[in-house]
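# Analysis of the macromolecular model
Here are the chains, one letter per residue:
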Amino acid sequence: MPSAEPSDTAVTTPGASAAEVVVSLPRASWAEALGELPGVRAVVWDCAGPVPDPAPQVVVPPYMGAPPLRESLDRLPGLRTVQLLTNGFDGVVEQLPDHVTLCNAAGVHDASTAELAVGLAIAALRGVDDAARSMASGAWSAARRTSLADRRALVLGWGGVGRAVADRLEPFEVQVTAVASAPRVEEGPAGRVRVHGPVELPDLLPEHDLVVVACPLTDATRGLVDAAFLAALPDGALLVNVGRGPVVDTDALLAEVRTGRLRAALDVTDPEPLPPGHPLWTTPGVLVTPHVGGNTTAFRPRALALLREQLQRTVSGAPLLNVVRAGRDAPRG
């Protein structure tokens, strides 16, 4: 994961009104940036230290480097909601009491992650990574490379990130095919979009020379991109992963890339962080970035906008956005 934000602290004052919703933010800078919201009291808590007074009913864990949550959250009997700053929520649901609602940050990272997916595809196809390595020796290694134009791209995962990837690929004259957990037809900005299901992958894969993995990690997607999946791709195909590392079988990917048949551009890996000496670092045909898809200047403003909306909905009793799991009989604090 990317390095954590600089540490900062703040003193919170006790005595929240019974009518106030208390929200914990991971750092003082987040509380300051959130600003004043009617009916909301912000306290600073990183989910690791002593519980603040007043205790929060809404908890926002740190974006990066969050500690295990189970023990911390068990100390909050009035907890209603955990609002993540990430799209991914794997491993979090299991740590929450049954009455707590979990929301993710769907929409916050879509644009930045999609930018990186397209950037990785261009860099890998056009040999930008090879050219960067050649700069150290001053080698002028010109060669004909593959264009992004005219690629047939399969986007695996048709949520916010997947749609944002498709929106950015289409102006590059790329033919996009959508795959999600269930087949359907959707209305999109350019008309109706046919979304294929996983059962269709064996027929789809041989027809696509670019695959962008943008799906969450679930029991159904873990190891989905396995040896059979990769073997079905045509020679010269590129795999881009901006979803979650364990969706791809690392050993199977390395076996294909080492032959030179496939290439890979990965923002997420399994294991992660990728340890020094791991073969993904040095295998020709592999480009790695250190899970930075959403970690851009667009992150904080969009995350704050989501937090303000969620807190206003909490105060008014309106339905929350991005509910991953609704809590049962959540206490009102």
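For the structure given in this document, a descriptive report is provided here.

Quick notes on the rules
- Residues numbered from 1 in each chain as written.
- Predicted model: local features only at pLDDT ≥ 70, side-chain atom pairs only at ≥ 80, totals over all residues.
- Heavy atoms only, no water.
- Helix = DSSP H or I, 4+ residues; strand = E, 2+ residues; numbered from the N terminus.
- Buried < 20%, exposed > 50% of the residue type's maximum accessible area, 1.4 Å probe, protein only.
- Lys, Arg positive; Asp, Glu negative; His and termini not counted.
- Salt bridge = Lys/Arg side-chain N within 4 Å of Asp/Glu carboxyl O.
- Contact = heavy atoms within 4.5 Å.
- Pairing = 2+ DSSP bridges.
- Right-handed = clockwise from strand over helix to strand, strands pointing away.

The next point concerns the side chain of D110. Relative to the assigned elements, D110 resides in helix 3 (residues 110-126). For the buried residue D110, which engages in no salt bridge, the nearest side chain bearing the opposite charge is R163, 7.1 Å off. Excluding residues that lie within four positions of it along the chain, D110 makes contacts with N87, G160, V161 and A164.

Here we take up unusual backbone geometry. Excluding glycine, a negative phi dihedral is what most residues carry, and trans is how most peptide bonds are arranged. With omega at 10°, the peptide bond leading from D270 into P271 counts as cis. Tracing the chain through its elements places P271 in the loop between strand 12 (263-266) and strand 13 (286-288). The omega torsion of the bond from E272 to P273 falls at -5°, within 30 degrees of zero and hence cis. Its place among the elements puts P273 in the loop between strand 12 and strand 13. A positive phi angle, close to 75°, is found at D150, a residue other than glycine. Examined against the element boundaries, D150 turns out to sit in the loop between helix 4 (128-134) and strand 6 (152-156). Owing to a relative accessible area of 60%, D150 belongs among the exposed residues under this scheme. Positive phi values are uncommon outside glycine, yet H291 reaches one of about 50°. Within the secondary structure, H291 sits in the loop between strand 13 and helix 9 (299-316). The buried category is assigned to H291, whose relative accessible area is 15%.

What follows concerns the pairing of strand 6. Counting buried residues in strand 6 gives four out of five residues, a clear majority hidden from the surface. One ladder, built from five bridges, connects strand 6 with strand 7 (residues 175-179); its direction is parallel. Considered in strand 7, the bridge of A153 is made with V176. In terms of handedness, the path from strand 6 via helix 5 (residues 160-169) over to strand 7 forms a crossover that is right-handed. For strand 6 and strand 10 (residues 210-213), the ladder comprises four bridges, and the chain directions are parallel.

All told, the structure shown has 16 salt bridges when counted by the stated rule. Among the ionic pairs, R41 bridges to E20, the shortest N-O distance being 3.6 Å. Residue R41 is found in strand 2 (residues 40-44), and its partner E20 is found in the segment before strand 1 (21-25); the two are separated by 21 residues along the sequence. A salt bridge links D130 to R145; the nearest nitrogen and oxygen atoms lie 3.1 Å apart.

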